[in-house]
Amino acid sequence: MKKSIITVVGKDTVGIIAKVCTYLAENQVNVEDISQTIVQDYFNMMMIVDTGGSSKPFGEMVTELECLGDEIGVKIRCQREDIFTKMHRI
Amino acid sequence: MINRLEVNETNKMIEQEMLDVRTITMGISLLDCCDSDLDTLNRNIYNKITSSAKDLVSTGREIELEYGIPIVNKRISVTPVALVGGRACKSPEDFVTIAKTLDKAAKDMEVNFLGGYSALVCKGMTPVDKNLIRSIPQALSSTERVCSSVNIGSTKTGINMDAVKLMGEIVKETAIATKDDSSLGCAKLVVFCNAPDDNPFMAGAFHGVTEGDVVINVGVSGPGVVKRALEKVRGENFEVLCETIKKTAFKVTRAGQLVAQEASGRLGVPFGIVDLSLAPTPSVGDSVAEILEEMGLESVGAPGTTAALALLNDQVKKGGVMASSFVGGLSGAFIPVSEDKGMIDAVNRGAINIEKLEAMTCVCSVGLDMIAIPGNTPATTISGIIADEAAIGMINQKTTAVRLIPVIGKDVGETVEFGGLLGYAPIQPVNRFSCEEFVNRGGRIPAPIHSFKN
């Protein structure tokens, strides 16, 4: 199991979650947790996903998600979980 | 469980506060390349570097993409060339052929710098060392990515004043050889005292003889992150200030440790050290000087600057040491002038001079770094400055270095532009009184009494 974190930040619009989830489903990436808020029209979502079953190389997925973000008008980042856990936990 | 605040904090550090892994440096031993035939030696060196580092840049890019943290430089350091070229190189010109081979290998591997065109002469110089040192001006003016360093002293051996004298001349000659390019050659030449074997930062990086065959060293940096953290504790006492720097340094170093482990695992090369440093760049918000100013100084250079820098350097080390399994290199705060927007501004407003910078080097990571001086500065004066700085390192058992750039054709009041990470610098005045007789004495300054600590 390889956990990664997807963050989506940008101006709120209809269908952001749907588009991101459709992409993930098409690439066999399982969503384990979603938390999302909207503050003053700004959409802010964090997803914990398991990329272990994905056939696509991780780097390619990162780039494709970035492109998807550009289409929707939000910023999508996908990063391996370790960068967050290693940095903040002893 | 992952916490959203932590995710946001990390990404904010990367995106807005310019946290980055400054460099992944692959150290490569060239000792097994030695040969008495110059062509064979050059071929061996090229083959060893290109086979060891063939995946370095691509692996760096992969890690960058997967973790979303920028890795600014991918670099190579090699065994000091004076040790490798001894049997084949009979003249400075022979050494220049090695510099060209190194340059070609660096270009083919797509690394931006390759360090190790070096000699270690802290106690004495062999004829081979002399040939390498004499070849430096030509080597640096006829290559693009090769960096050179010379270690002229140490706490255990004292200072080799013959080498100090020679290096003053070499710095000057390098400046002249690259005068059409703002004397840029001198930006790639460092004179050290107590040089560490595992420094991943250019221009002073080389792969020491105490190291293994191939090793991965990582240098992290994030002055912007520390500055932002300190903005939140304005007006608080020193205890709070120190605690804040320490915690931030811990987080920054953890990112470096992760990258170092990943790079070492993927390349199948042992992990050497993480150098936990605050190294600035000329961009706004990536400045060590701004951290010092955030502590409460009107300008870096004001009274209190040395204390502030001492505190910063110590807290960075305290925070970082626990974050990584191996810490080394030059860990601490770097205070180059041309590469730090805050330092450039301080020079321009007349708040800081070379003498204050020298005082600051007693408590910082390296030394007099990237300082532009008038092109007509005598070689003996440059030697004198090198000797002063080496003495600070020798007596205080720390690494010190000098990277001065006498810009040919320019004088105080003018500015020199180097471009990229090297930035730009106002030409700073140098004390005009001569030290010629002192430097010309030659010989060696004996090791200080600490050398009997056995």
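Residues numbered from 1 in each chain as written. Chains lettered and ligands numbered in written order. Predicted model: local features only at pLDDT ≥ 70, side-chain atom pairs only at ≥ 80, totals over all residues. Heavy atoms only, no water.

Looking at an unreviewed UniProt entry, chain B carries the name UPF0210 protein L6E24_08290, with the source organism given as Methanoplanus endosymbiosus. The UniProt entry for chain B carries this comment under Sequence similarities (unreviewed entry): "Belongs to the UPF0210 family." (UniProt positions renumbered as here; feature names shortened; annotations may be inferred.)

As named in an unreviewed UniProt entry, chain A is UPF0237 protein L6E24_08285, taken from Methanoplanus endosymbiosus. In its Sequence similarities (unreviewed entry) section, the UniProt record describing chain A reads: "Belongs to the UPF0237 family."

This next bit is on the interface of chain B and chain A. Size of an interface, as often reported, equals the accessible area lost when the parts are brought together. Each partner contributes to the interface: chain B provides 26 residues, whereas chain A provides 29 residues. Summed over both sides, the interface between chain B and chain A buries roughly 2500 Å², with carbon and sulfur atoms accounting for 60% of that surface. On the chain B side of the interface with chain A, the three residues burying the most area are Ile-2, Arg-4 and Glu-66 of chain B, jointly 26% of the side's total. Here chain B and chain A share 12 residue pairs in polar contact (both at pLDDT 80 or more) between them. Breaking the side of chain B that touches chain A down by element, the ones donating at least two residues are helix 1 (4-15), helix 3 (56-67) and helix 9 (238-267) of chain B. Per-element tally for the side of chain B that touches chain A: the top contributor is helix 1 of chain B, with 10 residues. For the side of chain B that touches chain A, the residue count by class is 13 nonpolar, six polar and seven charged. (Contact = heavy atoms within 4.5 Å. Buried area = accessible area lost by both parts, 1.4 Å probe. Polar contact = N/O pair within 3.5 Å; in protein donor to acceptor, adjacent residues only side chain to side chain. Helix = DSSP H or I, 4+ residues; strand = E, 2+ residues; numbered from the N terminus. Nonpolar A, V, L, I, M, F, W, Y, C, P; charged D, E, K, R; others polar.)

Right, let's get into the UniProt feature "domain: ACT" (unreviewed entry) in chain A. Those residues carrying the UniProt feature "domain: ACT" (unreviewed entry) are residues 5-79 of chain A in this numbering. Counting secondary structure, residues 5-79 of chain A comes out at 35% helix and 43% strand; the distance between its end C-alpha atoms is 5 Å.

Let us now look at the packing of aromatic side chains. Evaluated as defined, the whole model comprises two aromatic pairs over all chains. Centre to centre, the rings of Phe-201 of chain B and Phe-334 of chain B are 5.1 Å apart; their planes meet at 65°, and the pair counts as edge-to-face. With Phe-201 of chain B in the loop between strand 6 (189-193) and strand 7 (214-221) and Phe-334 of chain B in the loop between strand 9 (332-333) and helix 12 (341-348), this pair connects stretches of sequence that are 133 residues apart. Phe-334 of chain B carries the same exposure label as Phe-201 of chain B, and that label is buried. Ring centres of Phe-271 of chain B and Phe-326 of chain B lie 6.1 Å apart, and the angle between their planes is 65°; on these two criteria the pair is classed as edge-to-face. Here the residue Phe-271 of chain B occupies a position in strand 8 (residues 271-278), and Phe-326 of chain B occupies one in the loop between helix 11 (305-321) and strand 9, the gap between them amounting to 55 residues. Across the ring face of Phe-58 of chain A, the terminal group of Arg-80 of chain A is positioned such that the distance to the ring centre comes to 4.0 Å. (Phe/Tyr/Trp six-rings, centres within 6.5 Å; stacked < 30°, edge-to-face > 60°. Buried < 20%, exposed > 50% of the residue type's maximum accessible area, 1.4 Å probe, protein only. Lys NZ or Arg CZ within 6 Å of the ring centre and 35° of its normal.)

We now examine the confidence of the model for chain B. A residue-level look at chain B finds 99% of positions with pLDDT of 70 or above and a mean pLDDT of 93. Confidence metrics for the complex model read pTM 0.92 and ipTM 0.87. (pLDDT = per-residue confidence, 0-100.)

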